[in-house]
Amino acid sequence: ERYRSGTPAPVALPETGIRLTRNQQAIAFNLSKSKSEIPHYYLRATAYMEHLQQYRADHPYPDGSRISVTALLVKAIAIALSRHTRLNGYFQDNTVHLYGNIGIALAVNSGDELYVPVVRDPLYKEIREIDREITWLAAKARNGKLQKRSEEHTSELQSHSFISYAVFCLKKKT
């Protein structure tokens, strides 16, 4: 059988299933639940990163390495949430519940697994401290050393008492 363009029709392959690990099941369940039950809104903005890149160049570590862009964005998000407190909360039972603290969850992949360590109270931390914490949490996640319900990680993505979610995508200027 061929399409009008003359190319052969694709061969139907049998459907296969991939068994999820417990962590993948928890992530899938809670992301689906969050997406369907929690109101979402999306903001988009263009950010010119020249000043941020200059800050990184002007404040290197003693070994010459630079502070991560992620650490600077976590700090910026924490500052923004402290200034716009109504964005730091969740909706439930016709009430907006505002968090008392700020926690920024980061996605870290480790092979086929996804972990979501949390940087807690980044507003009160120096940028280098946030950078070291992100590096430490990411290494623990990639080595399978995060504790599932500890201070450093939430496998269920629903800690309504502490976590604000901010998703950002970096795109290089063309």
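Here the structure is a predicted model, which means the values were calculated and not measured.

Asker: Looking at this model, I keep getting lost on the overall build of the protein chain. Mind explaining?
Answerer: Scanning the protein chain from N- to C-terminus turns up four helices and six strands. When its helices and strands are written in sequence order, the protein chain yields α-α-α-β-β-β-β-β-β-α. Counting across all 174 residues of the protein chain, residues that qualify as buried make up 32%. Considering only intrachain contacts with a sequence separation of at least 6, the fraction spanning at least 24 residues in the protein chain is 53%.

Asker: Teacher, can you tell me more about the pairing of strand β2 (residues 95–98) here?
Answerer: Regular strands place side chains that alternate from one sheet face to the opposite one. Pairing of strand β1 (residues 89–92) with β2 involves four bridges; the strand directions are antiparallel. Among the inter-strand pairings, Gln92 is bridged to a residue of β2, identified as Thr95. Joining the antiparallel neighbours β1 and β2 is a turn of two residues, in which Asp93 adopts a positive phi near 50°.

Asker: Hey, could you run me through the packing of helix α3 (residues 69–83) against helix α4 (residues 127–142) in this one?
Answerer: Geometrically, a packed helix pair is captured by the angle between its two axes and the distance between the axes. Where α3 contacts α4, the two axes come as close as 9 Å, and the packing angle between them is 120°. By the angle between their axes, α3 is oblique relative to α4. Classified by chirality, the crossing of α4 by α3 is right-handed. On α4, the residues touching Thr70, Ala71, Leu72, Val74 and Lys75 of α3 are Ile127, Ile130, Asp131 and Ile134. Residue composition of the contact of α3 with α4, grouped by class: six nonpolar, one polar and two charged.

Asker: When you look at the pattern of salt bridges in this model, what are you seeing that I'm missing?
Answerer: Once their charged atoms are close, side chains differing in charge can pair, the charge on each being opposite to the other. Under the criterion given, the structure shown has one salt bridge. For Glu133, the salt bridge is made with Lys125, and the minimal N-O distance between the two is 2.6 Å. The class for Lys125 is buried, based on a relative accessible area of 15%.

Asker: Whenever I open this one, the packing of aromatic side chains confuses me. Can you help?
Answerer: Each aromatic ring pair is described using two quantities: the centre-to-centre distance and the angle formed by the ring planes. Taken as a whole, this structure holds zero aromatic pairs when the rule is applied. Here the basic side chain of Arg128 rests over the ring of Tyr61, its NZ or CZ set 4.7 Å away from the ring centre.

Asker: Looking at this model, I keep getting lost on the side chain of Glu133. Mind explaining?
Answerer: Mapping Glu133 onto the fold places it in helix α4. Contact partners of Glu133, with chain neighbours within four places excluded, come to Val118, Val119, Arg120 and Lys125.

Asker: Is there a simple way to think about the environment of Arg19 in this case?
Answerer: In this fold, Arg19 is placed in the segment before α1 (22–37). Not counting chain neighbours up to four residues away, the residues in contact with Arg19 comprise Gln24 and Gln25.

Asker: Just checking my understanding: could you explain the nonpolar core for this structure?
Answerer: Taken as a class, soluble globular proteins show a tendency for nonpolar side chains to be buried jointly. Ile67, Val74, Ile104, Leu106, Val119, Ile130 and Ile134 are the most contacted members of the largest nonpolar core, which totals 24 residues. Mapped by element, the contributors of at least two residues to this core are α3 and α4. Tallying contributions element by element places α3 first for this core, with eight residues. In contact with Val119, other than residues within four places in its own chain, are Val74, Ile102, Gly103, Ile104, Leu106, Lys125, Ile130, Glu133, Ile134 and Leu137.

Quick notes on the rules
Residues numbered from 1 in each chain as written. Predicted model: local features only at pLDDT ≥ 70, side-chain atom pairs only at ≥ 80, totals over all residues. Heavy atoms only, no water. Helix = DSSP H or I, 4+ residues; strand = E, 2+ residues; numbered from the N terminus. Buried < 20%, exposed > 50% of the residue type's maximum accessible area, 1.4 Å probe, protein only. Contact = heavy atoms within 4.5 Å. Pairing = 2+ DSSP bridges. Axes fitted to C-alpha atoms, helices over the stretch in contact; angles between N-to-C directions. Parallel < 35°, antiparallel > 145°, perpendicular 65-115°, else oblique. Left-handed = near helix turned anticlockwise from the far one by under 90°. Nonpolar A, V, L, I, M, F, W, Y, C, P; charged D, E, K, R; others polar. Salt bridge = Lys/Arg side-chain N within 4 Å of Asp/Glu carboxyl O. Phe/Tyr/Trp six-rings, centres within 6.5 Å; stacked < 30°, edge-to-face > 60°. Lys NZ or Arg CZ within 6 Å of the ring centre and 35° of its normal. Core = buried A, V, L, I, M, F, W, Y, C linked by side-chain atoms within 4.5 Å.

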